[in-house]
Amino acid sequence: LSEKVQAIYLWWHKPVIDRELLQSLPNLKVIANSGVGMDHLDLKLIAGFGVKMANVPHAVSTSTVDTGMGLLLASARRLVESHRIALSPGVEYNEVDILGVEVTGATLGIIGMGRIGYKIALRAKAFEMNILYHNRTRRKEQEEHAVGATYCEKIDYLLQQADFVMVVVSLTPQTRNLIGKREMELMKPTATLINISRGAVIDQEALVTALQTGRIRAAALDVTYPEPLPRDHPLLKLKNVIITPHLGIKTDKTAYMITEEAVENILAALNGLPMPSEVLP
């Protein structure tokens, strides 16, 4: 069937797109990815075969944002630890063991103010949070005003001021290990680091050290590297970290919307029309 294949719909990075596969599909015209991040694809290699590419930025943003806010709230109020206490055989516990931190009125630093980052700010405003953001380009003044966000040209100021730091950037050579030892040392010892982007954006070894030594209060991660982590990884043994298995887009409605958006891109490519969400190398 190789000569009949004109489109590939990638679901959770499958199938693997390599040179061998591309060479075996002479009539392939388009690859549609079931997510926003394209870091698992060699875009130049694919383009070199004359194949177009698309992602689904519209379908995934809302569910990813909800996951980010869920992680923030769960970490702040120690919901996972408290759940375990509630289920434990003993009913006695010291209340200081489940003291959380306030979300309302706290400062949230958003690193990456694209579509998802801006929706995070909208939700944070409802929690009366003070919002700082760092981005390659500054948002329009009216957009900042709508969510009460303050632009930080330098990431250092954001890290120093934020009670919660949420990372919402794409993984590129420039953002790999964006948050490392230096950046964590700038954060408050009471701060929480939340990652809903890609695992490799954070230096995990530095994160383990920061959590073990109390350099930062906690972390809440929907992404790691690799995924899943080896069962003996030190992150899995720490009480001050919440890890979820890349839940970002995993809702029934979002899965349906992703497929719809991917099909729309595929049909446009096959019919020689502009693709709504084309990704260029």
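Computed from a prediction, not measured in an experiment: that's the story for all the values here.

Novice: Help me understand the environment of Ile202, please; the structure alone is not making it clear to me.
Specialist: Position of Ile202 among the secondary structure elements: in the loop between β8 (192-195) and α9 (204-213). The class of Ile202 is buried, set by a relative accessible area of 1%. The spacing of Ile202 and Tyr225 is 23 residues in sequence and 9.3 Å in space, taken between C-alpha atoms. Among all residues touching Ile202, those that are not within four sequence positions of it are Asn177, Ile179, Met184, Leu193, Asn195, Leu207 and Tyr225.

Novice: What's the story with helix α10 (residues 252-270) in this structure? I'm lost.
Specialist: An α-helical turn contains 3.6 residues, so any two residues separated by three or four positions project in the same direction. The terminal C-alpha atoms of α10, which comprises 19 residues, lie 27 Å apart, in line with the 27 Å expected from a rise of 1.5 Å per residue. When we look at burial in α10, the residues that qualify are Thr254, Ile258, Glu261, Ala262, Asn265, Ile266, Ala268 and Ala269. The arc enclosing the buried residues of α10, seen along the axis, measures out at 165°, which places them on a common side. Across α10 from its buried face, at more than 90 degrees, point the exposed residues Asp252, Lys253 and Tyr256. In the core, the buried residues of α10 are packed alongside β1 (7-10), β2 (30-33), β3 (52-54) and α3 (57-76). After α10 finishes, the residue Gly272 shows a positive phi value of roughly 70°.

Novice: Mind showing me how you'd approach the pattern of salt bridges here?
Specialist: Opposite charge on two side chains permits pairing when their charged atoms draw close. Following the criterion strictly, the structure yields 9 salt bridges and no others. The shortest N-O distance in the salt bridge between Glu183 and Arg182 comes to 3.2 Å. Through salt bridges with shared partners, one network takes in Asp156, Arg182 and Glu183.

Novice: Sorry if this is basic, but what is going on with the environment of Glu102 here?
Specialist: Mapping Glu102 onto the fold places it in the loop between α4 (79-87) and β4 (107-111). Overall, the relative accessible area of 64% leaves Glu102 in the exposed class. Placed 165 residues apart in sequence, Glu102 and Leu267 show a C-alpha to C-alpha distance of 48 Å.

Novice: Which parts of the structure should I look at to understand the sheet that holds β3?
Specialist: Sheet strands line up and pair through hydrogen bonds in the backbone, either parallel or antiparallel. Taken together, the 3 strands give an open sheet; going across it, the order is β1-β2-β3, and neighbouring strands pair in parallel fashion. Two strands close off the open sheet at either side, each with one partner strand: β1 and β3. Ignoring which end each strand starts from, the neighbouring axes of this sheet average 15° apart. Two elements, β2 and β3, share 3 bridges in a ladder whose sense is parallel. Counterpart to Ile31 in the pairing with β3 is Met53. Across the face of the sheet, α10 comes into contact with β1, β2 and β3 while running at roughly 160° to β1.

Novice: It is not clear to me how the domain arrangement of the protein should be interpreted in this structure. Could you clarify?
Specialist: By a frequent convention, interface size equals the accessible area lost on bringing the separate parts together. Assigned domains within the protein: domain 1 (2-59 + 250-279) and domain 2 (61-243). Domain 1 puts 8 residues into the contact, and the matching count from domain 2 is 6 residues. On the domain 1 side of the contact with domain 2, Asp39, Pro57 and His58 bury the most area, a combined 53% of that side's loss. Remark: the boundary between domain 1 and domain 2 carries 1 salt bridge.

Novice: How should the packing of aromatic side chains be read in this particular structure?
Specialist: Each aromatic ring pair is specified by the distance between its two centres and by the angle formed by the two planes. This structure, assessed with the given rule, holds 2 aromatic pairs. An angle of 65° between the planes, with centres 6.2 Å apart, marks the rings of Tyr9 and Trp11 as edge-to-face. Given a relative accessible area of 28%, Tyr9 falls into the partly exposed group. Relative accessible area serves as the criterion here: at 41%, Trp11 is assigned to the partly exposed category. Summarising the aromatic geometry, the rings of Tyr133 and Tyr151 are spaced 5.2 Å apart at their centres and angled 50° between planes, so their arrangement reads as tilted. One end of the pair, Tyr133, is in strand β5 (residues 130-134); the other, Tyr151, is in strand β6 (residues 149-151), and 18 residues separate them in sequence. Judged by relative accessible area, which is 0%, Tyr133 ranks as buried.

Novice: Honestly, the sheet that holds strand β9 (residues 218-221) in this entry has me stumped. Any pointers?
Specialist: The parallel open sheet is built from 7 strands, whose spatial order is β6-β5-β4-β7-β8-β9-β10. Every interior strand has two partners, whereas the edge strands, β6 and β10 (241-243), have only one. For this sheet, the mean inter-axis angle between neighbouring strands, taken without regard to orientation, is 15°. As paired strands, β4 and strand β7 (residues 164-167) are joined by 4 bridges and run parallel to one another.

Thresholds, definitions, all that
Residues numbered from 1 in each chain as written. Predicted model: local features only at pLDDT ≥ 70, side-chain atom pairs only at ≥ 80, totals over all residues. Heavy atoms only, no water. Helix = DSSP H or I, 4+ residues; strand = E, 2+ residues; numbered from the N terminus. Buried < 20%, exposed > 50% of the residue type's maximum accessible area, 1.4 Å probe, protein only. Contact = heavy atoms within 4.5 Å. Expected span 1.5 Å × (residues − 1). Arc of directions from axis to C-beta. Salt bridge = Lys/Arg side-chain N within 4 Å of Asp/Glu carboxyl O. Pairing = 2+ DSSP bridges. Axes fitted to C-alpha atoms, helices over the stretch in contact; angles between N-to-C directions. Domains from an automatic or database assignment. Buried area = accessible area lost by both parts, 1.4 Å probe. Phe/Tyr/Trp six-rings, centres within 6.5 Å; stacked < 30°, edge-to-face > 60°.

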